[in-house]
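Fold and geometry: a report
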There are 2 protein chains.
Amino acid sequence: MRRITSHISNLFNPSQKELTRNLEHLLGFRPIHIRYYELALRHRSKTEEDDCNNERLEFLGDAILGAIIAEYLFKKYPTQDEGFLTELRSRIVRRETLNNVAMRMGLNKLVQYNVQDKGLSRSHIFGNALEALIGAIYLDIGFKKTQHYILKTLIKEYVDVDTLEATDPNYKNKLLSWAQRHGHSISFETIEEKMEGQRRLFTIGVLMNNELIATGNSYSKKDAGQVAAQKALEVLAHQID
Amino acid sequence: MRRITSHISNLFNPSQKELTRNLEHLLGFRPIHIRYYELALRHRSKTEEDDCNNERLEFLGDAILGAIIAEYLFKKYPTQDEGFLTELRSRIVRRETLNNVAMRMGLNKLVQYNVQDKGLSRSHIFGNALEALIGAIYLDIGFKKTQHYILKTLIKEYVDVDTLEATDPNYKNKLLSWAQRHGHSISFETIEEKMEGQRRLFTIGVLMNNELIATGNSYSKKDAGQVAAQKALEVLAHQID
């Protein structure tokens, strides 16, 4: 009897009705299994229980989004190599891009989080909630329809792929200017060149104050330097944050 | 006229017929668009042209496999957190696991590569070809059927998920024993502890001969140490390889 009552009360839960309406407005389609979406929108700062927040759905949504964007780029750029595709996908799905999309969609208004914690709104919780939302959509309506939603609505309206393609993040410049501001010396060094099949593979190292802090591999020296600089920035960000 | 002739000759290409037969035997279903599979099985050591090897399909297949395994683990372990799911997925899809699966399936017999290059057979070209094959299967028969093939055949027959779950790779031990063999000193240091929401986030650094070579973050010190050790091993592998 208890289960039936709770089922009925869920059916008529006014907050679920409101959420369904809000999501329909946000997504352009009516969600069926609202409980997935409730979970997707619950940040861990809002719940005591470990498995009642959106992090598992974020894991799932991240993977689904990655696959859908991979196919999209594979078909959009039929002659570009896997290095290009990997780099462009990482620009589309990186936290900054997704957080920005989530804010512009208005998803931030639906996310449940501890508003007292001022640090949270500066982190990427809305971008993470967007990934969780994609996980919820996938569980709710399946791969094909999720793919359609992501490509025909999300990417089309909120992500400028051509601009992302044209923008070179230039991690090397970023690293050098950071080091200059903080009084560190940075140098790049070719650590190794070796043949892999018919191609030459370069390993470039980043030295900060003559200590090796990161390395990068690529078939071009320029790219290997960029990869190494990006990794160095990650290592430094962990130390500084 | 030339195009028609080439089309007809393709239709009756005896090597395509043989490949179709071999793949049907390997996969348990008859492939429809054989050209995807031809590409998936062509390593770059076998072709001069950049876009005629399997690397683009490897990018696609890696993403599709990642999504399918993500959902599989999400449902198999309904109460485990995203850290557990991420770690277990990485064990399933890592190069060593996939290379091993590819060899046991017999995929290595179908991959076209330069057999003169002795280094290649020691690298992970068969595991990479397996990812490319998954990309080809996806383009050929779509998400749902690819998912069915991967879960009901590939994983079921060749991957022991429960053993992978139980096996702790213990990167810390691996790093320490490597350092001992090579006469280096290794130490772990807590670089930072900070609150993120209601949880404490630890950053652990790996120092080799008193130089910081890698850092790792996690909500537990033990895990952060493992992540840092794993990254240190990657940095060292790039220098040593």
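Residues numbered from 1 in each chain as written. Chains lettered and ligands numbered in written order. Predicted model: local features only at pLDDT ≥ 70, side-chain atom pairs only at ≥ 80, totals over all residues. Heavy atoms only, no water.

Moving on to the overall build of chain A. Of the regular secondary structure elements, chain A holds twelve helices and three strands. Projected onto the principal axes, the alpha-carbon positions of chain A cover approximately 70 × 45 × 30 Å. Looking at chain A as a whole, 46% of its 241 residues qualify as buried. Excluding contacts between residues fewer than 6 apart, the proportion of contacts in chain A whose partners are at least 24 apart in sequence is 51%. About 12900 Å² of surface is accessible on chain A, with carbon and sulfur atoms providing 49% of the total. (Helix = DSSP H or I, 4+ residues; strand = E, 2+ residues; numbered from the N terminus. Buried < 20%, exposed > 50% of the residue type's maximum accessible area, 1.4 Å probe, protein only. Contact = heavy atoms within 4.5 Å. Areas by Shrake-Rupley, 256 points an atom, 1.4 Å probe, with all protein chains shown as cover.)

On to the packing of helix α6 (residues 95-105) of chain A against helix α8 (residues 125-141) of chain A, then. All names here are of chain A. At a minimum axis distance of 7 Å, the contact between α6 and α8 shows a crossing angle of 85°. Judged on the interaxial angle alone, α8 and α6 are roughly perpendicular. Judged by residue contacts, R95, L98, N99, V101, A102, M103 and M105 of α6 engage I125, F126, G127, N128, L130 and E131 from α8. Here the residues of the contact of α6 with α8 sort into eight nonpolar, three polar and two charged. (Axes fitted to C-alpha atoms, helices over the stretch in contact; angles between N-to-C directions. Parallel < 35°, antiparallel > 145°, perpendicular 65-115°, else oblique. Nonpolar A, V, L, I, M, F, W, Y, C, P; charged D, E, K, R; others polar.)

A word on the domain arrangement of chain A. Parsing chain A into structural domains produces domain 1 (2-166) and domain 2 (171-240). One C-alpha centre belongs to domain 1 of chain A, the other to domain 2 of chain A, and the line joining them spans 33 Å. (Domains from an automatic or database assignment.)

This part covers the relation of the copies chain B and chain A. Between chain B and chain A, which share one sequence, the superposing operator has a rotation angle of 180° and an axial displacement of 0.0 Å; the RMSD is 0.1 Å. Both chain copies can therefore be described as sitting about a two-fold axis. No C-alpha of chain B approaches the rotation axis more nearly than that of I213 of chain B, which lies at 2.9 Å. (Least-squares fit on C-alpha atoms with pLDDT ≥ 70 in both.)

Before going further, it helps to examine the pairing of strand β3 (residues 211-218) of chain A. Residues and elements named next belong to chain A. Summarising burial for β3: six of the eight residues are buried, a large majority. Two strands pair when backbone bridges link them, and strand β2 (residues 199-208) and β3 are joined in this way by seven bridges, in the antiparallel orientation. By the bridge assignment for β3, M208 is matched with E211. (Pairing = 2+ DSSP bridges.)

A few words now on the packing of aromatic side chains. Residue and element names in this part refer to chain A. Under the definition given, this model contains nine aromatic pairs over all chains. Aromatic side chains F29 and Y149 sit 5.7 Å apart centroid to centroid with 75° between the ring planes, which places their arrangement in the edge-to-face category. In this pair, F29 sits in the loop between α2 (14-27) and α3 (34-40) while Y149 sits in helix α9 (residues 143-158), placing the two residues 120 residues apart along the sequence. Judged by relative accessible area, which is 19%, F29 ranks as buried. (Phe/Tyr/Trp six-rings, centres within 6.5 Å; stacked < 30°, edge-to-face > 60°.)

Before going further, it helps to spend a moment on helix α2 (residues 14-27) of chain B. Residue and element names in this part refer to chain B. Taking 1.5 Å as the rise per residue, α2 with 14 residues should run 20 Å; its terminal C-alpha atoms sit 20 Å apart, in good agreement. Residues of α2 that are buried: Q16, L19, T20, L23, L26 and L27. Projection of α2 onto a plane perpendicular to its axis shows the buried side chains occupying an angular sector of 130°, all on one side. Counted as exposed and oriented over 90 degrees from the buried face of α2: P14, K17, R21 and H25. Backbone geometry just after α2 places G28 at a positive phi near 85°. (Expected span 1.5 Å × (residues − 1). Arc of directions from axis to C-beta.)

On the chain A side, the residues contacting the 50 residues of chain B number 51 residues. Of the roughly 4600 Å² buried at the junction of chain B and chain A (both faces included), carbon and sulfur atoms supply 52%. Summed over the shared surface of chain B and chain A, the result is zero salt bridges. Inspection of the region where chain B meets chain A yields twelve residue pairs in polar contact (both at pLDDT 80 or more). Among the secondary structure elements, those contributing two or more residues to the side of chain B that touches chain A are α4 (55-76), α5 (82-93), α8 (125-141), α9 (143-158), β1 (186-196), β2 (199-208), β3 (211-218) and α12 (221-240) of chain B. The greatest single-element share of the side of chain B that touches chain A, amounting to 13 residues, is contributed by α4 of chain B. When grouped by side-chain class, the residues that make up the side of chain B that touches chain A number 18 nonpolar, 14 polar and 18 charged. (Buried area = accessible area lost by both parts, 1.4 Å probe. Salt bridge = Lys/Arg side-chain N within 4 Å of Asp/Glu carboxyl O. Polar contact = N/O pair within 3.5 Å; in protein donor to acceptor, adjacent residues only side chain to side chain.)

Attention now moves to helix α4 (residues 55-76) of chain A. Taking 1.5 Å per residue as the helical rise, α4 of chain A with its 22 residues ought to reach 32 Å, and the 31 Å between its terminal C-alpha atoms agrees with that figure. Of all 22 residues making up α4 of chain A, 18 are buried, and the element is well covered by its neighbours.

Another point: the pattern of salt bridges. The final tally for this structure, using the stated rule, is twelve salt bridges over all chains. The residue E71 of chain A makes a salt bridge to K75 of chain A at a minimum N-O spacing of 2.6 Å. Linking E71 of chain A with K75 of chain A, this pair stays in helix α4, spanning four residues, or about one helical turn. Overall, the relative accessible area of 9% leaves E71 of chain A in the buried class. The exposure class of K75 of chain A is exposed, given its relative accessible area of 52%. With a shortest N-O distance of 2.6 Å, E87 of chain B and R91 of chain B are connected by a salt bridge. Linking E87 of chain B with R91 of chain B, this pair stays in helix α5, spanning four residues, or about one helical turn. Judged by relative accessible area, E87 of chain B falls into the partly exposed class, the value being 26%.

Before going further, it helps to examine the packing of α5 of chain B against helix α6 (residues 95-105) of chain B. Residues and elements named next belong to chain B. In contact at an axis separation of 5 Å, α5 and α6 are set at 40° when each is read in the N-to-C sense. With respect to their mutual orientation, α5 and α6 come out oblique. Across the interface between the two elements, R91, I92 and V93 from α5 touch R95, T97 and L98 from α6. Looking at the contact of α5 with α6 residue by residue, the classes come out as three nonpolar, one polar and two charged.

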